[in-house]
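Remarks on the overall topology
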Amino acid sequence: MDIESWGRQNPIKKESWRTVLALAYQSLGVVYGDLSTSPLYVYKSTFAEDIQHSESNDEIFGVLSFVFWTLTLIPLLKYVFIVLRADDNGEGGTFALYSLLCRYARVSTLPNGQLADEDLYEYKNDRNLSADRIGMSLKSTLEKHRFLKKILLVLALIGTCMVIGDGVLTPAISVFSAVSGLELSMAKHHHQYVEVPVACVILVFLFFLQHYGTHRLGFLFAPIVITWLLCISAIGVYNIVHWNPHVYQALSPYYMYKFLRKTQRGGWMSLGGILLCITGSEAMFADLGHFSQLSIKIAFTFVVYPSLILAYMGQAAYLSKHHVIESDYHIGFYVSVPEKLRYPVLAIAILAAVVGSQAIITGTFSIIKQCSALGCFPRVKIVHTSSKIHGQIYIPEINWTLMVLCLAVTIGFRDTKHISNASGLAVITVMLVTTCFMSLVIVLCWHKNVLFAICFIFFFGSIEALYFSASLIKFLEGAWVPIVLSFIFLIVMYSWHYGTLKKYEFDVENKIPINWLLTLSPNLGITRVRGIGLIHTELVSGIPAIFSHFVTNLPAFHQVLVFLCIKSVPVPHVRPEERFLVGRVGPKEYRVYRCIARYGYRDIHMDDVEFEKDLVCSIAEFIRSEERGQSFEAVEDIDDNERLTVIGTTSTHVAGIRMCEDSGELPHVDTKDTEMIVISSPEVPRKRVRFLVPESPQMDLSVREELQELMEAREAGMAFILGHCYVRAKRGSSLIKKLVINIGYDFLRRNCRGPTYALSFPRASTLEVGMIYHV
């Protein structure tokens, strides 16, 4: 089932409960694997060091009360009922909130933004409500102050870095906690020599399977999680009935007060372990693009939430009647499992831990793809593992990096206490960032009263700040790991973004004015050879400096020139009918065009064959529509007096130009309502190209000649001219800027991959032009 086929363009009908329930079933395996395995390590991490279980049961009942209210307030109230509504046209996650704010407040740091982007369908859907006076004042303040824009970007990057850190820590703690069931069948001093190797083998196997794609094993995910949830809830009910039917009284908030009064500082420090009961809650929002709000709400409210509550109550009921514990590591999940069921439960737990780890690893791949699309992460190889479910991707470099870091954490700590401290800090930091962004979304996007936003950030922020402080105090006991990892990734991401921004500013400052082109003859003062020259540039207006640099050194160019800009916009998807902006550069006889291809951060770039075909057809459609005066949506670039026309892909040209390419006989084409333009060249081309144009008796001769010249150039082939820049800091720059540009950005640029669309072109047809940028 294609879980991405339901989106804004194909909404789920409210009456289609069968579809909603099918999505809810699938979400159990994809979204809730991490959250459902938290009973494996919550009590064990909480009682690891700071507090001890006593005969009064104040500690165990206090922990149960904290777990119950934390699960109720954060995942259920905050995420299910509030945060899930803040979707970015069906997409969720930290960067989705940032993207949403960028559109409403224009705080995006993407350098090549255009006013024309605000006419996209995704933008228009967000402009239906009018903001109040306070909202307009806040919006104006964010847009005026560059420092505040940077703060928002850094917050988004911190949240992203913590998600990556969670991708390292969650597989480690989930698998290690599941394997820890072996400790009950061997001596205390021997089990650690078995658990670590077994956990490492499972982790290596898990990361090795990533390149196959989750769609190959996806049908197993939901049954495993459902089996696990039924298992822990059944064991919980058994323990409640058999050991302590009155354990429900501990759900009262009064027991939280008794817990803190008795344990004091130790109880506050133990909150870092209780925090682990909500690990994976962020996945409900991050994976929203694969499902729907209603399906995720149904799965959590009616299946996951009650199962987890029963599991935690069952563990508390068992521990309340077993005060004499032989050793500390027995205060965990497996000790409350009936002895005859321990090994079957152990097998199910390991499978569930693998499923939970899979979800966070895939989520890490997705968020890195979003960051890379928005210019905040170096380009990496992205492999789409499913032809139907486009959200399932695999990034080799990130996968093996996560595996090495995960193994290092597992071998280095060798216990759940330190790993849980690290995981807790990563989880709560992401939630704090989400809370901060949500308060802005409430005012700027939902146009609610500012008091509602203040209440939201004060209520949930206070709870999360309490857990954050309890996790941060464990800095030397493992919490330093996500901080160090996030700091490293933050430096990488900000260095890349800063270098990319400075490079674009250099391009803008040194672009060639249109008057320079007008002083040249129609041949541009050089020899025009057959073919199409695609000059890649980040500029959305003006002539890049690379063009004059090339012309100065090699006085020959193609008969058709296209300044091609492939840009990302801060929306998840761009509709095919809005894909291209096409216009002219200079007079008509120069045969120079500008084409801007726009993609959302969740869009998949077309392969080279389809892209070339759509590119040529969009130019041909522009030529025809320009002469016929058709009412295409257009935008004018004031600086360079260019007028760009919005033109879709070939599939959206209902009554437009189509192109046929073959090397043999003409395909069968119904020419009743079409006119075929062919080339009268006596040469025998390698590939015949024909435009099928809707019959138009009034087509001007100049338009026909221009289309024919475009066909001839297409038959001769395409060449891709790519700028190869060497970025250096200017003389007199600060030491920090020199380190970031000359060392950081230069290292990343030399070792990251080139643009995907550049790699798809044959190397024989690619020409790199080197330039030095002093920024």
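Structural data are supplied above this passage.
This report concerns the structure included in the present document. The structure displayed is predicted, hence computed values, not measured ones. (Residues numbered from 1 in each chain as written. Predicted model: local features only at pLDDT ≥ 70, side-chain atom pairs only at ≥ 80, totals over all residues. Heavy atoms only, no water.)

1. What to know about the overall build of the protein chain
Using the following cut-off: Helix numbering and strand numbering both begin at the N terminus, where a helix is a DSSP run of H or I of at least 4 residues and a strand a DSSP run of E of at least 2. In what follows, a contact means two residues having at least one pair of non-hydrogen atoms within 4.5 Å. The protein chains shown are the only cover counted for residues, whose accessible areas, like all others here, come from Shrake-Rupley with a 1.4 Å probe.
Looking only at helices and strands, the protein chain features 26 helices and 13 strands. For the protein chain, restricting intrachain contacts to residue pairs at least 6 apart in sequence, the fraction spanning at least 24 positions comes to 82%. Accessible surface, the protein chain as shown: approximately 32200 Å² in total, 61% of it carbon and sulfur.

2. So, the pairing of strand β6 (residues 592-599)
Moving residue by residue along a regular strand, the side chains alternate between the two faces of the sheet. Just so we agree on the cut-off: Accessibility here uses a 1.4 Å probe with only protein chains present; expressed as a share of the type maximum, an area under 20% marks a residue as buried, one over 50% as exposed, and anything in between as partly exposed. Following DSSP output, two strands are said to pair if at least two bridges run between them.
The element β6 is largely enclosed, with a buried count of 8 among its 8 residues. Every second residue of β6 is oriented toward a common face, with Val592, Arg594, Ile596 and Arg598 on one face and Tyr593, Cys595, Ala597 and Tyr599 on the other, all of them buried. In this structure, strand β4 (residues 556-568) lies alongside β6, joined through 8 bridges in parallel fashion. Note that in β6 the partner of Leu564 across the bridge is Cys595. Where strand β5 (residues 580-584) and β6 come together, 5 bridges link them in antiparallel fashion. Paired with Arg584 across the two strands is Tyr593, which belongs to β6.

3. As for the packing of helix α4 (residues 58-81) against helix α18 (residues 416-444)
Condition: Note on geometry: axes are C-alpha line fits, over the in-contact stretch for helices, and angles between N-to-C directions span 0 to 180 degrees. What sets the label is the angle itself: under 35 degrees gives roughly parallel, over 145 gives roughly antiparallel, 65 to 115 gives roughly perpendicular, and the rest give oblique. Left-handed describes a crossing whose near helix is turned anticlockwise from the far helix through less than a right angle; right-handed describes the clockwise counterpart. Charged residues are taken to be Asp, Glu, Lys and Arg, nonpolar residues to be Ala, Val, Leu, Ile, Met, Phe, Trp, Tyr, Cys and Pro, and polar residues to be all remaining types, Gly included.
As a packed pair, α4 and α18 sit with axes 13 Å apart at the nearest point and diverge in direction by 30°. In terms of orientation, α4 and α18 fall into the roughly parallel class. For the pair α4 and α18, the sense of crossing is left-handed. Along the contact surface, α4 presents Ile74, Lys78 and Tyr79, while α18 presents Met431, Thr434 and Thr435. Taken together, the residues of the contact of α4 with α18 break down into 3 nonpolar, 2 polar and 1 charged.

4. Points about the state of the cysteines
Put simply, the test is: By definition, disulfides here are pairs of cysteine sulfur atoms that lie within 2.5 Å.
Tallied over the entire structure, the rule returns 0 disulfides. Left without a disulfide partner, Cys371 is nearest to the cysteine sulfur of Cys376, which lies 6.1 Å away.

5. Describing the nonpolar core
Most often, soluble globular proteins have nonpolar side chains that are buried together. The condition is simple: We define a nonpolar core as any set of buried Ala, Val, Leu, Ile, Met, Phe, Trp, Tyr and Cys residues linked to one another through side-chain atoms lying within 4.5 Å.
Core analysis: the biggest nonpolar cluster contains 165 residues, and Tyr32, Leu64, Leu71, Phe300, Tyr312 and Met438 have the highest contact counts within it. Ranked by size, the runner-up nonpolar core spans 30 residues in total, among them Ile721, Cys725, Tyr745 and Met771.

6. Quick look at the pattern of salt bridges
Here is the rule: A side-chain nitrogen of Lys or Arg and a carboxyl oxygen of Asp or Glu constitute a salt bridge if their distance falls within 4 Å.
Within this structure, the stated rule accounts for 17 salt bridges. Put simply, Asp58 and Lys258 hold a salt bridge, and the shortest N to O gap is 3.4 Å. In this pair, Asp58 sits in helix α4 while Lys258 sits in helix α11 (residues 254-263), placing the two residues 200 residues apart along the sequence. The class of Asp58 is buried, set by a relative accessible area of 16%. Among the salt bridges present, the one from Glu578 reaches Arg575, with a minimum N-O distance of 3.8 Å. Look at Glu578 and you get buried, because its relative accessible area is 9%. Residues joined in a network through salt bridges with shared partners are Asp58, Glu59, Lys258 and Lys262.

7. Focus: helix α24 (residues 701-716)
Stated precisely, the cut-off is as follows: To estimate the expected span of a helix, count its residues, drop one, and scale the result by 1.5 Å.
Spanning 16 residues, α24 covers 23 Å between terminal C-alpha atoms, matching the ideal 22 Å at 1.5 Å per step. What α24 keeps buried is the set Val703, Glu706, Leu707, Leu710, Met711, Ala713, Arg714 and Glu715. Trailing α24 by a residue or two, Gly717 shows a phi angle of about 115°, which is positive.

8. A look at unusual backbone geometry
Here the phi dihedral of Gln264 falls at roughly 55°; this positive angle occurs in a residue that is not glycine. Looking at the element boundaries, Gln264 is found in the loop between α11 and α12 (265-269). In the Ramachandran plot, His447 falls in the positive-phi region, its phi being about 55° despite a non-glycine side chain.

9. Some words on a nonpolar patch on the surface
Defined as follows: To count toward a patch, a residue needs a relative accessible area over 30% and no salt bridge; like charges are then connected within 9 Å, while nonpolar side chains (Val, Leu, Ile, Met, Phe, Trp, Tyr) are connected within 5 Å.
On the surface, Leu472, Phe475, Leu476, Trp480, Val484, Phe487, Ile488 and Ile491 cluster together into a nonpolar patch covering about 770 Å² of accessible area. If one sorts the elements of the nonpolar patch by residue count, helix α20 (residues 480-509) sits on top with 5 residues. Mapped onto the elements of the fold, Trp480 is located in helix α20.

10. Describing the packing of aromatic side chains
In plain terms, the rule: Only Phe, Tyr and Trp rings take part, Trp by its six-membered ring, and two of them pair if their centres are within 6.5 Å. Stacked means planes under 30 degrees apart, edge-to-face means over 60, and tilted covers everything else.
The final tally for this structure, using the stated rule, is 19 aromatic pairs. Relative to Trp480, the ring of Phe413 has its centre 6.3 Å away and its plane inclined at 75°; by these criteria the two rings are edge-to-face. Within this pair, whereas Phe413 is found in helix α17 (residues 396-413), its partner Trp480 is found in helix α20, the two being separated by 67 residues in sequence. Phe413 sits in the buried class, given a relative accessible area of 17%. Its relative accessible area of 36% is what places Trp480 among the partly exposed residues.

11. Focus: helix α16 (residues 342-373)
Because each turn of an α-helix spans 3.6 residues, side chains separated by three or four positions in sequence point in the same direction. Over its 32 residues, α16 runs 46 Å from end to end, which matches the ideal 46 Å to within 8%, given 1.5 Å per residue. Following α16 by one or two positions, Gly375 has its phi on the positive side, about 75°.

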